[in-house]
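Now for the letters of each chain:
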Amino acid sequence: MRIEKTQLILPAARVLGASPLPAFRAAEDKPILDGGLLTGETPGFARDTGFRVLPYAMQDVYDPIPEERAVPSVEMENDRLKAVFLPGLGGRLYSLFDKRAGRELLFCNPVIKMGNLALRNAWFSGGVEWNLGHFGHTPFTCEDVFFAECEADGQRFVRMYVYERMKRLTFQIDFHLGDGAPHLTAHMRVYNRGPESAPLFLWTNAAVPEDKGPRIFSGTDQVIVQAESETPGESRFLHAALPFPFPDGVDHTHPARIPHAEEYFFQNPADARYAFESALYADGRITYERSTGNYPYRKLFCWGGHAGGKRWQEHLSRPGEGAYVEIQAGCWRTQQHAGTIGAGETFTLTQMFGGARAPYERFSGPYHRAREAMQALIDDCLPAEAVEREHARCERYATVPVTRILHEGTGWGALEKMRSPGALPEHLDFPAHTIGPEQAPWAALLRGERFPGADSFMTAPEWLRVCQAALAERPDDAQLWTHAGIALYENGDWAGAKAAWSRAAELVEAPLALRNLSFAAARDGDREAALAFMERAVNALAEPERAYAEEYLALLNDAGQYAKAWAFYRGLPEALQAGERMSINASFAALEMGEDAFLDRQFARTFSVVKEGELDFIALWFRREALRAAKARGIAYTPALLEEVRRTAKLPRNLDFRMLS
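Computed from a predicted model, the values in this text were never measured in an experiment.

**Student:** I would appreciate a short explanation of the overall build of the protein in the present structure.
**Tutor:** Along its length, the protein carries 17 helices and 28 strands. A globule of 661 residues ought to have a C-alpha radius of gyration of about 26 Å, and the protein, at 26 Å, matches this closely. Judged by the C-alpha coordinates and their principal axes, the protein covers about 70 × 70 × 50 Å. The burial tally for the protein puts 59% of its 661 residues in the buried class.

In structure tokens, the structure reads:
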């Protein structure tokens, strides 16, 4: 078996920077109606689902067009399978190639192209991602994580590990691919070394090709599916049975036939016998995964056959090469159900990936019979007992120390060990030299030195206490007050946070403290104060800064001060004006100012930063078209005319990222 540190040469976009402004958590969990959930399916539902990203920063600036470059990779290979991981991109399993069948088992994207789809914004499609953290993909999507080689009893394997700062958990995956093994094994472990229980979100997302229309199977026909609510902005979850043809008349076990974006969750019993999911293709190819019984739930996600779904897939890849669906596995009933890991606990599971081939006709009948046939095939290829044996074997090797580090992750783990040596598992190596520029200001604070200020954030209660202890000695430190306020606000002490930021602004016209006061005022519903604080923040900067300018421009639009917004935008340096989010924000002012030439240029662009489900820019295009129609017909612009235009005008393809038709 070969383990090697390598490079992939392919077109790849880079994350070019992170926002210097903290993205504070939602004030409450997102309202979700439980609709038709059955008794026993509601505990933990719609809890810990609100937006949350701190202490991580938003990764909202990246290459719009990938360029060919070398991307660090780690390869594992035996005589049957070759696995390629991307340790600089969250440890994504980029490729799993079946050497004997001569085919790729996953959707292996020919490019790495970013889109605004993840918790921290930047995300790319393809392969298998390991989602620990919070609802909305892992915070490590575009970050370095540790990869190391380990050895025990003469067997070599690869270990990925990382310290997760939001929930203060440590995540480890040991990948095993012994000689002759027909499956890649991923043995996952989550450690909570803290004194309190913590929310646990853990899902594996595997992208598989959509070509030739796969049929998706798991161990049950009982699913929870998300549907539209009668209340705008809300969703409801319903219990249903596959194939559940909706009014479209489509068998939804064939995702390529579904006309809209969709996700549904297989409600397998918590029993290893049922813990699998597979994708079957018309030529008899099968990609499947199976896990231990404590990872029982499965999910299908597809973009759908409508124009917006196809556009999303092309946007994340190359024309004609980006079609995929996702088969996902998780601990809880849906990704809107919350779980916990107790203080001092370690949660472990094992998941295995492989491929097979069988006559398609064997699985082409009604779903309940086809599912039984697929269950029998999975039992033959990978019996539940074999998964349990592999899990027990992996457990024996899970705490051996690493032999050599193949790729270094960020320095946050080393910093946490500096704060509390027992906070992380002893067998995981977080070298002190990985503490870099992001961690250095916090390391200085631990050493009792003056805090130099930081572009990164620390919001855990332990770090808030470190800040408060330093403030007791240096009460005139505006930087400390600002960062203490960030931690206070994120932990729900809104009054204390505002007092801290006000104190920072009294000491010095501190842009970050003023911006945070603006955010707090906006959340409190005081638009006038929010705009006034943000204007002070922008004026306090030594030179214009992208993130501040974007927020200020949005606040001016929100206040209806379009002339001021347009003048502010036109006064920015050209490089800032050209930014994607800046251009989008400026477009709302441009419409009110009659700047048609500017709007024509923006509507002809393809924006990488448009968020999944973001419709405001699309609505702006329809409004402009309705205004044009009113002028051409010599009539007044009315809501009825806008609705007519929405029905009849064809949205340009480059703008169509709608999730529904």
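Read on, since the account is not over.
**Student:** Would you mind showing me how to read the pairing of strand β6 (residues 81-86) here?
**Tutor:** Looking along a regular strand, one sees the side chains alternate between the two faces of the sheet. Counting buried residues along β6, five of its six residues qualify, which places the element largely inside the surrounding structure. By the bridge criterion, four bridges tie strand β5 (residues 67-77) to β6 in an arrangement that is antiparallel. If you follow Glu75 over to β6, its bridge partner there is Val84. As consecutive antiparallel partners, β5 and β6 are separated by three residues. The pairing of β6 with strand β7 (residues 92-98) spans six bridges and is antiparallel. Its bridge partner lying in β7, Phe85 is registered against Leu93.

**Student:** Looking at this structure, how should I read the pattern of salt bridges?
**Tutor:** Pairs can form between side chains of opposite charge whenever their charged atoms are close. Tallied over the entire structure, the rule returns 49 salt bridges. Measuring nitrogen to oxygen at the nearest pair gives 2.8 Å for the salt bridge that ties Arg159 to Asp174. Remark: Asp174 occurs in strand β14 (residues 169-176) and Arg159 occurs in strand β13 (residues 155-164); sequence separation between them is 15 residues. As far as burial versus exposure is concerned, Arg159 and Asp174 are alike and both buried. With its nearest N and O atoms 2.4 Å apart, the salt bridge here joins Glu395 to Arg189. In this pair, Glu395 is assigned in helix α3 (residues 384-397) and Arg189 in strand β15 (residues 184-191), connecting sequence segments 206 residues apart.

**Student:** Quick question: what am I supposed to make of the environment of Ala240 here?
**Tutor:** The residue Ala240 is located in strand β20 (residues 235-241) in this model. You can call Ala240 buried: its relative accessible area is 17%. Each C-alpha atom, one on Ala240 and one on Asp221, is 8.3 Å from the other, the two residues being 19 residues apart in sequence. Sequence-distant contacts of Ala240, defined by excluding residues within four places in its chain, comprise Asp221, Gln222, Val223 and Val225.

**Student:** Please explain helix α7 (residues 478-490) as it appears in this structure.
**Tutor:** An α-helical turn contains 3.6 residues, so any two residues separated by three or four positions project in the same direction. Look at α7: 18 Å from first C-alpha to last across 13 residues, which is about the 18 Å you get at 1.5 Å a residue. Burial runs high along α7: 11 of the 13 residues are buried. Those residues of α7 not exposed but buried are Ala478, Leu480, Thr482, His483, Ala484, Gly485, Ile486, Ala487, Leu488, Tyr489 and Glu490. Of the surrounding secondary structure, the elements contacted by the buried residues of α7 are α5 (440-446), α6 (461-473), α8 (494-507) and α9 (511-523).

**Student:** What is the right way to read the nonpolar core from this model?
**Tutor:** If you look at soluble globular proteins, the nonpolar side chains tend to sit buried side by side. Judged by nonpolar contacts, the single largest core of 110 residues is most densely connected at Ile112, Met114, Trp442 and Trp501. Looking at this core element by element, the count peaks at eight residues for helix α16 (residues 616-633). Discounting residues that sit within four places of it in the chain, Trp501 has contacts with Phe24, Trp481, Thr482, Gly485, Ile486, Tyr489, Ala513, Asn516, Leu517 and Ala520. Judged by nonpolar contacts, the second largest core, of 83 residues, contains Phe244, Leu349, Phe363 and Met374.

Rules and cut-offs
- Residues numbered from 1 in each chain as written.
- Predicted model: local features only at pLDDT ≥ 70, side-chain atom pairs only at ≥ 80, totals over all residues.
- Heavy atoms only, no water.
- Helix = DSSP H or I, 4+ residues; strand = E, 2+ residues; numbered from the N terminus.
- Rg over C-alpha atoms; globule rule 2.2 N^0.38 Å.
- Buried < 20%, exposed > 50% of the residue type's maximum accessible area, 1.4 Å probe, protein only.
- Pairing = 2+ DSSP bridges.
- Salt bridge = Lys/Arg side-chain N within 4 Å of Asp/Glu carboxyl O.
- Contact = heavy atoms within 4.5 Å.
- Expected span 1.5 Å × (residues − 1).
- Core = buried A, V, L, I, M, F, W, Y, C linked by side-chain atoms within 4.5 Å.

Read these as layout, nothing more, since geometry by itself doesn't imply function.
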